[in-house]
Amino acid sequence: MKRDKRPIVAIIYDFDGTLSPGNMQEFGFIQSVGFSPMEFWEESNRIASGQDASDVLSYMKQMFDAAKASGVKLRRESFREFGSRIELFEGVREWFGMVNAYGKSKGVIIEHYINSSGLVEMIEGSDIAKEFKKIFACSFMYDSNGDAIWPAVAVDYTGKTQFIFKINKGILSVADAVLVNESWADDRKRIPFSNMIYIGDGETDVPCMKIVKMFGGHSIATFNPENRDKEKTAVKLFRQKRVNFMAPADYRKEAPLYGIVTKIIDKIRSDSDLQNLGETR
């Protein structure tokens with residue numbers, strides 16, 4: 001069988017602040033347990049600072065404790081219901097079809113991934129869950145009754161980097177800690193870093209942005225155009241050369257982000273063609 005020489009492009013997204021204008025817990029869950037978003041995050045931060053703990057594990061504990069105190073069942077289907085209420089930035093729902101079609105027109109395979117400190121279960125309930133080859137994010141373990149009992153995965157800013165290497169090697173198992181750490185020849189790796197586009201909005205994305213950029217891929221800092229502080233963060237990341245580009249989190253075809261991503265796809269296609277020419281005997 002002839003090997004498919006079409007390049008694969010991995011577009012890797014943070015979620016909160018990148019595809020959605022807020023933290024996913026703020027679209028129904030926090031209100032259901034009797035907190036305002038400010039109160040919830042203040043308590044989560046208090047747990048983290050008081051225990052010198054991970055802020056991700058602290059927010060997961062705060063979700064668990066607040067739900068128990070208010071009688072809200074933490075079940076997978078409940079998380080998905082909350083996830084169905086997540087608001088998305090302008091154009092996000094149409095984005096994937098547009099980019100996939102553009103990639104197809106250029107002879108490029110497009111794959112979309114989530115790399116987030118949010119919750120898998122909530123993202124699975126969102127309108128766009130079906131668009132992703134894999135959702136790497138935090139999650140809970142469940143007992144035989146279907147109730148959440150313990151964190152299964154907690155993804156902080158450095159934890160996110162492992163998933164970049166898993167995408168590079170084509171490993172989709174979160175549990176794997178063997179293959180991801182093995183040394184592989186470059187031609188065995190499924191998606192080279194140079195074929196990655198990382199899109200994120202904040203400083204928790206910096207390690208991933210730097211890795212992708214350092215190894216020849218492209219990182220894009222997005223920002224909510226209605227949030228001046230988010231724009232300042234994107235400008236800072238761009239000026240510090242931690243990212244290649246910055247753009248508003250507007251996913252419509254006429255917005256700058258689409259133009260940046262499609263030009264990167266063009267470059268990856270051209271680089272692949274040149275490499276194939278160089279391998280011709």
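Residues numbered from 1 in each chain as written. Predicted model: local features only at pLDDT ≥ 70, side-chain atom pairs only at ≥ 80, totals over all residues. Heavy atoms only, no water.

Q: Quick question: what am I supposed to make of the overall build of the chain here?
A: Regarding its fold elements, the chain presents ten helices and seven strands. For the chain, whose C-alpha radius of gyration is 19 Å, the value lies close to the compact-globule estimate of 19 Å for 281 residues. When its C-alpha atoms are laid out on the principal axes, the chain stretches across 70 × 40 × 35 Å. By the burial criterion, 49% of the 281 residues in the chain qualify as buried. Within the chain, counting contacts between residues at least 6 apart in sequence, those at least 24 apart form 62% of the total. Roughly 14,000 Å² of accessible area belongs to the chain as shown, and the carbon and sulfur atoms make up 51% of that amount. In the chain, 39 side chains carry a positive charge and 39 a negative one; their mean positions are 7 Å apart. (Helix = DSSP H or I, 4+ residues; strand = E, 2+ residues; numbered from the N terminus. Rg over C-alpha atoms; globule rule 2.2 N^0.38 Å. Buried < 20%, exposed > 50% of the residue type's maximum accessible area, 1.4 Å probe, protein only. Contact = heavy atoms within 4.5 Å. Areas by Shrake-Rupley, 256 points an atom, 1.4 Å probe, with all protein chains shown as cover. Lys, Arg positive; Asp, Glu negative; His and termini not counted. Charge placed at Lys NZ, Arg CZ, Asp CG, Glu CD.)

Q: Would you take a moment to explain helix α2 (residues 37-51) for this structure?
A: Since there are 3.6 residues in each turn of an α-helix, residues three or four apart along the chain are aligned in direction. In this model α2 runs 21 Å from its N-terminal to its C-terminal C-alpha over 15 residues, within 8% of the 21 Å that 1.5 Å per residue would give. Among the residues of α2, those classed as buried are F40, W41, S44, I47 and A48. Axial view of α2: buried residues confined to an arc of 115°, hence all on one face. Of the residues in α2, the exposed ones pointing more than 90 degrees away from the buried face are M38, S49 and G50. Contact partners of the buried residues in α2: α1 (29-32) and α3 (55-70). Directly after α2, the chain includes D52, whose backbone phi takes a positive value near 50°. (Expected span 1.5 Å × (residues − 1). Arc of directions from axis to C-beta.)

Q: Got a minute to help me understand the packing of aromatic side chains in this structure?
A: Throughout the structure, instances matching the rule amount to 15 aromatic pairs. Ring plane angle 65° and centroid distance 5.8 Å describe the contact between Y13 and F96, whose orientation is recorded as edge-to-face. Within this pair, whereas Y13 is found in strand β1 (residues 8-13), its partner F96 is found in helix α5 (residues 92-105), the two being separated by 83 residues in sequence. Every member of this aromatic cluster is reached through a ring pair, and the members are F29, F35, F40, W41, Y59 and F82. (Phe/Tyr/Trp six-rings, centres within 6.5 Å; stacked < 30°, edge-to-face > 60°.)

Q: Sorry, what's going on with the nonpolar core here?
A: Most often, soluble globular proteins have nonpolar side chains that are buried together. By size, the foremost hydrophobic cluster in this structure holds 82 residues, and its most contacted members are F29, W95 and L119. The greatest single-element share of this core, amounting to seven residues, is contributed by helix α10 (residues 256-278). What W95 contacts, discounting residues up to four positions off in sequence, is Y13, Y251, L257, Y258 and V261. (Core = buried A, V, L, I, M, F, W, Y, C linked by side-chain atoms within 4.5 Å.)

Q: I'm lost on the state of the cysteines in this one. Help?
A: Put plainly, a disulfide is one covalent bond tying together the sulfur atoms of two cysteines. The final tally for this structure, using the stated rule, is zero disulfides. Here C138 is not cross-linked by a disulfide; its sulfur's nearest cysteine counterpart is in C208, at 13 Å. Residue classification places C138 among the buried positions, given a relative accessible area of 0%. (Disulfide = S-S within 2.5 Å.)

Q: What's the story with the pairing of strand β2 (residues 109-119) in this structure? I'm lost.
A: Along a regular strand, successive side chains alternate from one face of the sheet to the other. Among the eleven residues in β2, ten count as buried, and that is most of the element. Across six bridges, the pairing between β1 and β2 is parallel. Each bridged residue has a counterpart across the sheet, and for V9 the counterpart in β2 is I110. Two strands pair when backbone bridges link them, and β2 and strand β3 (residues 134-142) are joined in this way by four bridges, in the parallel orientation. (Pairing = 2+ DSSP bridges.)

Q: When you look at a nonpolar patch on the surface in this model, what are you seeing that I'm missing?
A: On the surface, M141, I149 and W150 cluster together into a nonpolar patch covering about 340 Å² of accessible area. Following the sequence through the fold, I149 ends up in strand β4 (residues 148-153). (Patch = residues over 30% accessible without salt bridge, like charges linked within 9 Å, V, L, I, M, F, W, Y side chains within 5 Å. Salt bridge = Lys/Arg side-chain N within 4 Å of Asp/Glu carboxyl O.)

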